Amino acid sequence: ALAMCPRPSSLCFLDLVIPLCRTSRTPAPRAAWSKIGAIDLTTSASTTSASTTSSLLGGKAPSIAYSPEWNALSQHTKEVEQLHLKDLLLDEERTDSMIREHNGIYLDFSRQNMTSATLQLLLNLATRAKLRTKMNEMFSGDHVNATEDRAVLHTALRSPRDTRIHVDGEDVIPGVWEVLDKIKDFTDRVRNGEWTGVSGKPIKNVVAIGIGGSYLGPAFVHTSLQFDEKCKEAASGRKLRFLANVDPVDVAKALHQLDPEETLVVVISKTFTTTETMLNARTVRTWLTNELAQLGYKPTDAVAKHMVAVSTNLKLVEEFGIDPENAFGFWDWVGGRYSVTSAVGILPLSLQYGFEKMDDFLRGAHDMDVHFREAPFENNLPVIMALISTWNSTFLGRSSLAILPYCQALAKFPAHMQQVAMESLGKQVSLNGDPLPFKAGEVYFGEPGTNGQHSFYQLIHQGRVVPAEFIGSIKSQQSVYLRGEEVSNHDELMCNFFAQADALATGKSPEELREEGVAPFYVPHKTFSGNRPSSSLLLPAVNPYTVGQLLALYEARVAAQGFIWGINAFDQWGVELGKVLATRVRHSMSEARTKNRPMDVTDGYNPSTRKMINRYLAGKTVRLLVSEGLERSCLPLRLTSLPLSLCVSLPSLVHSSATIVSRAEGRVPLRSHRDRGGLHRAVRGER
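Treat the numbers as computed from the prediction; the structure is a model and nothing was measured.

We now examine the pairing of strand β7 (residues 263-268). Where burial is concerned, most of β7 is hidden: 6 out of the 6 residues are buried. Side chains of β7 alternate between two faces, with T263, V265 and V267 and L264, V266 and I268 buried alike. Bridge count between strand β5 (residues 205-209) and β7: 5 bridges; the pairing is parallel. Across the sheet, residue V206 finds its bridge partner in β7, namely L264. As paired strands, β7 and strand β8 (residues 307-310) are joined by 4 bridges and run parallel to one another. Bridge assignment links V265 to a residue of β8, and that residue is M307.

Three or more residues of helix α13 (residues 299-306) are buried, namely A302, V303 and H306. The buried residues of α13 occupy one face: seen down the axis, they fall within an arc of 95°. Looking at the packing, one finds that the buried side of α13 touches β7, α12 (275-293) and β8.

Time to look at the nonpolar core. The nonpolar side chains of a soluble globular protein tend to be buried with one another. Core analysis: the largest hydrophobic core is formed by 120 residues, its most contacted members being W333 and Y554. With 13 residues, helix α23 (residues 544-565) is the largest single contributor of residues to this core. For Y554, the contacting residues outside a window of four places in its chain are M385, I403, F413, M417, E469, I471 and L537. Grouped together as the second largest cluster of nonpolar side chains are 24 residues, V267, A302, V317 and A327 included.

As for its position among the elements, S214 is in the loop between β5 and α9 (216-225). What makes S214 buried here is its relative accessible area of 13%. Dropping the residues within four chain positions of it, S214 is found in contact with I268, G336 and V344.

A contiguous patch of negative charge, built from D91, E92, E93 and D96, is present on the exposed surface. Considering the arrangement of structural elements, one finds D96 in helix α5 (residues 92-97). Judged by its relative accessible area of 49%, D96 is partly exposed.

What follows deals with the sheet that holds strand β1 (residues 99-102). In space, the 6 strands of this open sheet follow the order β1-β2-β13-β12-β10-β11, with mixed pairing throughout. The open sheet has two edge strands with one neighbour each: β1 and β11 (443-445). In this sheet, neighbouring strand axes are inclined to one another by 15° on average, regardless of whether the strands run parallel or antiparallel. Bridge analysis of β1 against strand β2 (residues 105-108) gives 4 bridges, and the strand direction is antiparallel. Pairing of I99 across the sheet is with D108, part of β2.

What follows covers the pattern of salt bridges. All told, the structure shown has 25 salt bridges when counted by the stated rule. Between E261 and K201 there is a salt bridge, with the nearest N and O atoms lying 3.8 Å from each other. Here E261 is found in the loop between α11 (248-255) and β7, whereas its partner K201 is found in the loop between α8 (173-191) and β5, with 60 residues between them in sequence. Of the charged contacts in the structure, one is a salt bridge between K579 and E576, with a shortest N-O distance of 3.6 Å. Of this pair, K579 and E576 both sit in helix α24 (residues 576-594), 3 residues apart, roughly one helical turn. One network of salt bridges, with partners in common, ties together E591, K595, R597 and D603.

The next subject is the packing of helix α3 (residues 68-80) against helix α6 (residues 116-128). Two elements in contact, α3 and α6, have axes separated by 9 Å at closest approach and are oriented at 160°. Judged by the angle between their axes, α3 and α6 are roughly antiparallel. Handedness of the crossing formed by α3 with α6: left-handed. Every residue of α6 that contacts α3 at P68, E69, W70, A72, L73, H76 and V80 is listed here: A117, T118, L121, L122, N124, L125 and R128. In terms of residue class, the contact of α3 with α6 is made up of 9 nonpolar, 3 polar and 2 charged.

When you line up the elements, L316 lands in helix α14 (residues 314-320). For L316, a relative accessible area of 24% puts it in the partly exposed group. In contact with L316, not counting residues within four places along its chain, are T271, F272 and T273.

Within the open sheet, the 5 strands sit side by side as β6-β5-β7-β8-β9. Their pairing is parallel. The strands lining the two open edges of the sheet, one partner per strand, are β6 (239-243) and β9 (327-328).

Let's shift gears to the packing of α12 against α13. The N-to-C vectors of α12 and α13 enclose an angle of 120°; their axes lie 9 Å apart at closest approach. It follows that α12 is oblique to α13 by the angle criterion. Read as a crossing pair, α12 and α13 show a hand that is right-handed. Counting all contacts with α12, which are made through R285, L288, T289 and L292, the residues of α13 involved are P299, A302, V303 and H306.

Taken as a whole, this structure holds 21 aromatic pairs when the rule is applied. Judged by centre distance (5.7 Å) and plane angle (90°), the ring pair of F272 and F320 falls under edge-to-face. Of this pair, F272 sits in the loop between β7 and α12 while F320 sits in helix α14, and the two are 48 residues apart along the sequence. Residue classification places F320 among the buried positions, given a relative accessible area of 10%. For the pair F470 and F497, a centre-to-centre distance of 6.2 Å together with 85° between the ring planes defines the contact as edge-to-face. Of this pair, F470 sits in strand β12 (residues 468-473) while F497 sits in helix α20 (residues 489-506), placing them 27 residues apart in sequence. Exposure remark for F470: the relative accessible area of 0% places this residue in the buried category. Among the residues examined, F497 registers a relative accessible area of 3% and is labelled buried. Cluster of aromatic residues (ring-pair linked, three or more members): W70, W391, F395, F438 and W565.

Omega for the bond connecting G449 with T450 falls within 30 degrees of zero, at 10°, which places this linkage in the cis form. Mapped onto the elements of the fold, T450 is located in the loop between β11 and α19 (457-462). Despite not being glycine, D168 has its phi angle at roughly 55°, a positive value. Mapping D168 onto the fold places it in the loop between β3 (166-167) and β4 (170-171). One non-glycine residue, Q257, lies in positive phi territory at about 60°. Looking at where Q257 falls in the secondary structure, it is placed in the loop between α11 and β7.

What counts, and at which threshold
- Residues numbered from 1 in each chain as written.
- Predicted model: local features only at pLDDT ≥ 70, side-chain atom pairs only at ≥ 80, totals over all residues.
- Heavy atoms only, no water.
- Buried < 20%, exposed > 50% of the residue type's maximum accessible area, 1.4 Å probe, protein only.
- Helix = DSSP H or I, 4+ residues; strand = E, 2+ residues; numbered from the N terminus.
- Pairing = 2+ DSSP bridges.
- Arc of directions from axis to C-beta.
- Contact = heavy atoms within 4.5 Å.
- Core = buried A, V, L, I, M, F, W, Y, C linked by side-chain atoms within 4.5 Å.
- Patch = residues over 30% accessible without salt bridge, like charges linked within 9 Å, V, L, I, M, F, W, Y side chains within 5 Å.
- Areas by Shrake-Rupley, 256 points an atom, 1.4 Å probe, with all protein chains shown as cover.
- Salt bridge = Lys/Arg side-chain N within 4 Å of Asp/Glu carboxyl O.
- Lys, Arg positive; Asp, Glu negative; His and termini not counted.
- Charge placed at Lys NZ, Arg CZ, Asp CG, Glu CD.
- Axes fitted to C-alpha atoms, helices over the stretch in contact; angles between N-to-C directions.
- Parallel < 35°, antiparallel > 145°, perpendicular 65-115°, else oblique.
- Left-handed = near helix turned anticlockwise from the far one by under 90°.
- Nonpolar A, V, L, I, M, F, W, Y, C, P; charged D, E, K, R; others polar.
- Phe/Tyr/Trp six-rings, centres within 6.5 Å; stacked < 30°, edge-to-face > 60°.

Rendered as C-alpha cells:
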C-alpha cells in the first residue's frame, strides 16, 4: 500500500491517509476528509473554513482520490467483483437502465461490470469533481489548459456563425468563419478548375504534409468517407494522400505515380518549424520544382501554384516560398490532436470531397458538442463513457481499452483515438503538479472486425481482462447480398459484432462443455471465464454527419475523464524530451559524418546508444550529402565519405550523372532511374 501511495514533495497530506490504505489498488482516504471537513467541491458550503483547508493542504485542493465519493467507489468494488455478467444480463430492467441514445447514436453499456448503484456512485464522483463547472469553463473560453495558459476551444471550430464565444475579451467565432469561408472559396476554385497548376492543368491530387494530429485525424475522416456513395461521387477522379513519417519510404509512397502538374501540396504546421513536417515539405518542394523545371517553369512559380499552408507563422510561410495569401490559420486554443475540425482537416478534406460534405461533418460534431454541454449527466453519452473508463481503469485496475469498429471505413479511428486519449490522459501529476495517487490513462489499441478476431481476440477472451468498445453501423456504405447466401456481407459482419460482445460477457463454463461431450483434456482449454466488460455503439450509418458525431463524442469523453481525474488533458509535455534528445543526436551524427569518425565516449552518450549509432553509421551507404544549388532540372551533388555497400538510394534530386567517393572502392558512377512522379533511385549495379 505504501508503494502505491506516492508522496508529493510539497504536500504532507498523505501522512493522514497512508495508515488507512486498504489495498494497493487505491487509497482509502476517509480519515483525511474527516480531519479536513466534508468539503463540498461543487458548492460554496463547507463545514470547514477556506483558511483551515488551505492550512491543511498547503493552499491546494485535495485530490479527488481523497473524497468520500472516491472511497465509496473503492468499497463498492468488493460487491461488484462478486457478480457475473452472465447473470446480470438476464435482468431486463438493468439492461434498459444502461441504454442511452442521442440523435441516432445508440449506446449500450449493460455489459459493463457495474450495477445501477455503480452508475449512481460514478455520477456522485462527477459532481464532486465539479465536472459541470469545468465543462462550462472550457466551452466559455476560460484558460483550462493551465500549464500553457490557453483556452481549449476545438468546439468553437464547428459552432454556428451566430454563436458568441470570447477568449480574453475577443469573440473568436468571426475568425473561425473567416477561415472556413476562405477554405470554401479556395477549394471551390480548385475543384471547379479555376485554380490550376503552373502549366494550366487542373489540380487532381492533394498531398497533405503533417504529423500527429495534423495527420491521424484527417486520415481517419478521409478513410471513413472514401466509400460513402455521395462522398465517393464528389471525390471522383481525385486523390488525397498524407505524408507524416520522415522515413523516405513514406515520401515515396505519398508521391508514387503522381503527376506534379496536377498535384497540390498542403503543408500543415502551426509554427512552421515542426522538424519532420518541414523536412518532408522541403523534400516534396524539391520534387515539385525539379519535375516542373524540366518543363521550363521557375521554382518560384511552381511553389506559388502547387503549395499552400496551414499555419499561423506567416513570416516562415513566406520565407519557404508560399504566398501568405495561400495560408490558412488556426489558433493556439486548438490543440493538435483536437484540430481535425480546423483548417488542418477541413482544407485537405474539402479539396477531396467538397466543402458541403465537410459542413455536414462539422454539423455532426456540433450536435454532439451541444449534447455534451447540455444533457444531464445520467443521459450524457460522453460523460457516461468517461465514467465507465474511470471505473474500469482506476477502480478495477484495467489499464487497456480496445476500440473495435465493425466497419472497415472506421479502420483508422483506433489510431486517431490512441493519440487523442493517450496524449491527453497519460499524465503523472494533477493540475497542481502533485503526483497522482492513482494511475491515469489507458492503453488504446484496436483493429476493425473481423480482422481483430483473428489477431488479438484470443487474449481478450482468455488472457488479460481488456475492456472493449464495439462500434457498428446499421447501414453499410457498400451493401452486398449474394443470391443463395443466408445473410448479406454486412449482416455477417454485424452478426460477429453482436456475438463477440456476448462471448466476452457470458463466456462458457466447464459444465457447459462437459454437457456438450467435450473430452476432459480439452475442457480447461476451451473454457471461457466471461465477465469481460464491453460497451456497444451503434451508428445509423457512416457518413459525414455521423463521423462528426463520433469524433466529438470521443473528444468530449476524453476531456470529461481528464476533468474527473483532475489532470490537464490538453498539454503533452511527455512528448518533448525525446524531441530534445533527437536534436542532440542529429547534431552529433552530422559532426561524426563530417569528420568521418565514429562516436566515442566524449560525445556523452551511454554505451548502448553510442554503439547503436556507430552500427547505424557503419552500415549507411551515404555519410554526407550536400546540395550545391539548383539549375533547371539538375541538382548537382557532392557525395563524400562513405563506408559503402553496393547500392545507394537517393531522393528524386538526381537528374544527371553523379559520382560517389568510396574509401573502399574509389569512384563509383551512379545511374538514375526515373519514375514519373516518384523518386529517383541512383544505383550501382543491380537495382
